[in-house]
Number of protein chains: 2
Amino acid sequence: MKRSMYAGSVRLEQLGQELTLKGWVSRRRDLGGLIFIDLRDREGVMQLVINPEQVDQQTVEAAEKVRSEYVIEVTGLVAQRDQANDKLPTGQVELQVRNLTILSTSKTTPFEIKDGIEVNDDTRLRYRYLDLRRPEMLANFKLRAKVTHSIRNYLDALDFIDVETPMLTKSTPEGARDYLVPSRVSQGHFYALPQSPQITKQLLMNAGFDRYYQIVKCFRDEDLRGDRQPEFTQVDLETSFLDQEDIQAITEGLLAQVMKETKGIDLSLPLPRITYEDAMNHYGSDKPDTRFDMTLQDLTALVKDTDFKVFAQAPAVKAVVAKGAADLYSRKDIDKLTDFVKQFGAKGLAWLKYTDNTLAGPIAKFLTDISDKLTASLQLGEKDLVFFVADSLEVANNALGALRSRLGKELNLIDTSQFNFLWVVDWPMFEWSEEEGRYMSAHHPFTLPTADSQQELEGDLSKVRAVAYDIVLNGYELGGGSLRINQKELQERMFKALGFSTEAAREQFGFLLEAMDYGFPPHGGLALGLDRLVMLLAGKENIREVIAFPKNNKASDPMTEAPSLVAKQQLEELALEIDTHD
Amino acid sequence: MKRSMYAGSVRLEQLGQELTLKGWVSRRRDLGGLIFIDLRDREGVMQLVINPEQVDQQTVEAAEKVRSEYVIEVTGLVAQRDQANDKLPTGQVELQVRNLTILSTSKTTPFEIKDGIEVNDDTRLRYRYLDLRRPEMLANFKLRAKVTHSIRNYLDALDFIDVETPMLTKSTPEGARDYLVPSRVSQGHFYALPQSPQITKQLLMNAGFDRYYQIVKCFRDEDLRGDRQPEFTQVDLETSFLDQEDIQAITEGLLAQVMKETKGIDLSLPLPRITYEDAMNHYGSDKPDTRFDMTLQDLTALVKDTDFKVFAQAPAVKAVVAKGAADLYSRKDIDKLTDFVKQFGAKGLAWLKYTDNTLAGPIAKFLTDISDKLTASLQLGEKDLVFFVADSLEVANNALGALRSRLGKELNLIDTSQFNFLWVVDWPMFEWSEEEGRYMSAHHPFTLPTADSQQELEGDLSKVRAVAYDIVLNGYELGGGSLRINQKELQERMFKALGFSTEAAREQFGFLLEAMDYGFPPHGGLALGLDRLVMLLAGKENIREVIAFPKNNKASDPMTEAPSLVAKQQLEELALEIDTHD
């Protein structure tokens, strides 16, 4: 029998119709001589009723046999329920079953198929197909498909050409670590899986495609964190002849359409812009969460003349005020916060509580001379709790920025119904890497430096600014873009500034430099992290919730057990030997 | 200045407007004191005119400097041309330039940027960005994007959920050769790039997604032929609870929409169906090109009693008739055809020419007793040329099928404006592999055998039939699908029939078998080769023409030189050593 419709879609409209439904048994109960089954399919759950006295023996036997997660086919009449269940969209109706057939049986599942389960991550991944049966998971993937559909329609309408770029590319160690793919035809040689189609999409601009986009898998072999996966998906776009504002406007239109179509929210455009410097100074973050205030206050000038040398002599003294939180944090709690900020380089965390118009706390006695000024400057009110970091400006910003995020969550200051998009603009071109002991690209080596800072490529690299723009949502970096270098000479200077020898630059990026010999148009673009975007729209905190078959934090898949050992012959064909001994 | 519009889109409609255009110099000529420039962008070419006496010195200098493939920006007035160029969509108008700026210069390109060039493949790939500037190439990628857009809209409208499946998967050596990706975290272990998301999409059916699709990269490390690439793109779909006819109907609707939207062609549905057996017997191919006739004629019965033992004793004697071709093939030509059919296992190629109501040729004298019957049976007419293969039925079919394809092309029998879609149904489950000395899956080990042939899994494997269906277009296999096994016991029997030990089956496919313990619904699907589909729609003969950055026939990219050597440190992190010595 053909299925008439999804069980989860049956409504009063179908009253009196004979329907055939197929799906999974969510629950079976015997009650008053009747058998009740909750039938689940991807659109929802519907109640079936079997009256053993009104159906044939085969159906009675099948109905008695069914257990949770059996797949069944039923035919029957849609009737109105005596007692409607208002919690279910199908709750007004039930199917009075005439015929029931078991299509597939099931063992008892290792966890219940329902929302809000408490099961460890590896078990969920090991039985991912069962995990995905849970309505909240399926909803994430419907949302994800809706988001990509919306994005594609938007970009198609703007004449962007969807072009597939290669997965088997060249390894370019600048950036994150590549996943390598050994070649069989050229033994000893390797492809790399793309970290992004950055250069390829630039070459499409060289080719005159003018507007390119792709929703594409990218790969980074880095240690995994909550919102990192070995493979992730990027909404990647590139345009020719446009400036930063044009590209930002296109992106804003895209986000507005997605928000409208998936959440029914009207974004107010243009989105707010903040400079990198302001973001660091006010929020202590290059991806500020603006859903709550508690900005960083600069007290450096105010404390300069105090006798408290820790403050007076520090290059920067900054503070955040937790309004009304004085009684919420014990000394022990504050010790924990002190340990926390130390992870961000702070040597300590000073604090004051303001109660009964008085500043109290270990350092209060050192600040009596400026206590009025402090109180006024920080606009303190009863029961406010102030945290200070006195350090380099960078450390003070980073430490208090991290503290601000933590306090925002702990104090429930965040309205999780809000979607606060924000552009961070005017980026430094380089950032110092302590690990590598050199300046590295803040974005990538193809980013266009601003015209008035290009001369610093041969001078102070910290002063080179980039025509770059990141888009931030609720404290997450959602994506970033830039105008790109299209002139060979400037690109060569950039490689040199990054420490590449002429030979190394040519060996790794020679094809890009050569392309610059042949009429490379001005161009720029942007990439959005699709997994993160969908995660945030779904209100989740881990991208694994919106990836159908993700890896665990050891980059392996507990279901298939990938990565796995392979046959000797496979390695021989690739001329590879494994050497895990030294 | 912002670009007003694409140069290639300017029409009489814009007469009198001042426009700013940006693009590439396709050609520059000096004529009668004026400078003419053909400006190219992705929408076409438009003529610019610079009158040195009416523009400023800067523009004159720039206009004199420009060469082919310079990128320029021009502002000017749209005027009607004195002599319209009917070959160009913009041919009614020209831009009278007021201002010209050079945005990017160009060396002389290694080949001309125009359609129909004769350049060797590696040069085209080495400068792929220049190759892609050629209008015919850009048109292929616009077509490709239009095809995927059309497919997505069709499937989205049918409630298929677009789900991304992993690229880093488990190696399963059954099938083609995997591309491997070494793991750094689990040294000595490997991921494999997916040959198709077959099992994963089946698990999505287990998860209750009901209708899944994805346009997805797949990978096979096989030796390359004209229409093979290491990575290729598949339109992949899977459904639950549907039967073969349902899935065929969905596919037909998809193809009809694509044909309508990209070629303006109304497909007549349902598409023709032919059984695998009939396809082999009538066309000598499991992917028949039905754009021309010349079907294989079975003469086995007719020649059984002739004295010509080569025919009388052969298990099968089959023929194709090249109508009116008798004078077009010399003995030397026919010798070449004989060599050709030998590649397909034939021991020889007999032939006859029919002229003046008489059969002539080396074997004519042996067939005088049946010459009338032959002539009647083959419906021979003046100047017909008949080729015979006497061999096993399989060899006769294969050899004459290949000959038929070759003759069809050589004799220009093919109407290339036609798009002949065809279903090939009722497939054998297994095919004998001479190479491996065993039966292998004709499709894959997850294909459902027909109910009435399942008992042969433990008997004669050649008799097991599959619920499988291939879609063929103009002699190319465009895609294939099947219903799948959803019962563990049957899947285990299938693995056993394929020679897997219980342990080997569990090791490689244990997760699929386990999923069959938990209410796996009946399901089936299909995959289409997107590259081939677009290639055929574009009227091309190589999928490289519709892949932006393909590999050459050594699986390498002459532009980036991928695959390449990698740093020692990269190999060390993966615990790999290269051993190309033995």
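Each chain has its residues counted from 1, running along the sequence as written. In the order they appear in the text, chains get letters beginning with A and ligands get numbers beginning with 1. Predicted model: local features are reported for residues with pLDDT of at least 70 only, side-chain atom pairs are reported and counted for 80 or more only, and whole-chain, interface and lining totals are derived from all residues. The basis for every side-chain value is the complete set of heavy atoms in the structure, and neither hydrogens nor water enter the calculation.

Section: the overall build of chain A
- For chain A, the helix and strand inventory stands at 15 helices and 23 strands.
- Taken along its principal axes, the extent of the C-alpha atoms in chain A is 90 × 75 × 55 Å.
- Three labels apply to residues, based on accessible area from a 1.4 Å probe with only protein chains included: buried if under 20% of the type maximum, exposed if over 50%, partly exposed otherwise in between. Put simply, chain A has 582 residues, and 60% of those count as buried.
- The contacts of chain A with a sequence gap of at least 6 include a subset with a gap of at least 24, amounting to 67%.
- For every accessible area listed, the method is Shrake-Rupley and the probe measures 1.4 Å; residues are considered covered only by the protein chains on display. Here chain A displays about 24,400 Å² of accessible surface, and carbon together with sulfur accounts for 46% of that area. Helix and strand labels come from DSSP, where a helix needs a run of H or I of at least four residues and a strand needs a run of E of at least two; each type is numbered from the N terminus. Here, two residues are considered to be in contact whenever any of their heavy atoms come within 4.5 Å of each other.

Brief notes about the pattern of salt bridges
- Criterion for a salt bridge: a side-chain nitrogen of Lys or Arg within 4 Å of a carboxyl oxygen of Asp or Glu. Inspection of every chain in the model, using the stated rule, returns 96 salt bridges over all chains.
- The closest approach of N and O atoms between Asp517(A) and Lys488(A), which form a salt bridge, is 3.2 Å. You can see Asp517(A) sitting in the loop between helix H13 (502-515) and strand S22 (523-529) and its partner Lys488(A) sitting in helix H12 (residues 488-497), a full 29 residues away along the chain.
- Residue classification places Asp517(A) among the buried residues on the basis of a relative accessible area of 13%.
- Since its relative accessible area comes to 26%, Lys488(A) is described here as partly exposed.
- In this structure, Arg144(B) and Asp531(B) form a salt bridge, with 2.9 Å as the shortest nitrogen-oxygen distance. Here the residue Arg144(B) occupies a position in helix H4 (residues 135-157), and Asp531(B) occupies one in helix H14 (residues 530-537), the gap between them amounting to 387 residues. Of the two residues, Arg144(B) and Asp531(B), neither departs from the other in class, the shared state being buried.

Topic: the relation of the copies chain B and chain A
- Alignment of the copies relies on least squares applied to C-alpha atoms, considering only residues that score at least 70 for pLDDT in both. Mapping chain B onto chain A is achieved by rotating through 180 degrees and translating by 0.0 Å along the same axis, at an RMSD of 0.1 Å. Overall, the copies show the geometry of a two-fold rotation axis.
- A high fraction, 100%, of the interface residues of chain B reappear at the interface in chain A, so the copies pair face to face through one surface.

Some details on the sheet that holds strand S6 (residues 161-162) of chain A
All names here are of chain A.
- The 8 strands are arranged S6-S9-S10-S22-S21-S20-S17-S11 in an open sheet whose pairing can be described as mixed. Each having just a single partner strand, S6 and strand S11 (273-275) make up the two edges of the open sheet.
- Along the sheet, helix H4 (residues 135-157) makes contact with S6, strand S9 (211-219) and strand S10 (231-240), crossing S9 at roughly 150 degrees.
- Across the sheet, helix H7 (residues 276-283) lies against S11 and strand S17 (421-428), angled at about 85 degrees from S11, the strand it touches most. At least two DSSP bridges between two strands are required for those strands to pair. Only the contacting stretch of a helix is used when fitting its axis, a line to C-alpha atoms as for every element, and angles between N-to-C directions run 0 to 180 degrees.

Let's talk about the pairing of strand S22 (residues 523-529) of chain B
Residues and elements named next belong to chain B.
- In terms of burial, S22 is a largely internal element, 6 of the 7 residues being buried.
- Two strands pair when backbone bridges link them, and strand S10 (residues 231-240) and S22 are joined in this way by 7 bridges, in the antiparallel orientation. Among the inter-strand pairings, Asp 236 is bridged to a residue of S22, identified as Ala 527.
- Strand direction decides the pairing type here: strand S21 (residues 476-483) and S22, joined by 5 bridges, are antiparallel. Within S22, the position partnered with Gly 480 by the bridge is Ala 527.

Structural notes on the packing of aromatic side chains
- Between 30 and 60 degrees the pair is tilted, below 30 it is stacked and above 60 it is edge-to-face, where a pair is any two Phe, Tyr or Trp rings, Trp via its six-membered ring, whose centres lie within 6.5 Å. Scanning the entire structure with this criterion turns up 37 aromatic pairs over all chains.
- Seen from their ring centres, Phe500(A) and Phe509(A) are 5.9 Å apart, and the 65 degrees between their planes marks the pair as edge-to-face.
- Judged by relative accessible area, which is 2%, Phe509(A) ranks as buried.
- On the numbers, 6.1 Å between centres and 80 degrees between planes, the contact of Tyr518(A) with Tyr127(B) is edge-to-face.

Note that all results are geometric; they support no functional claim without further evidence.
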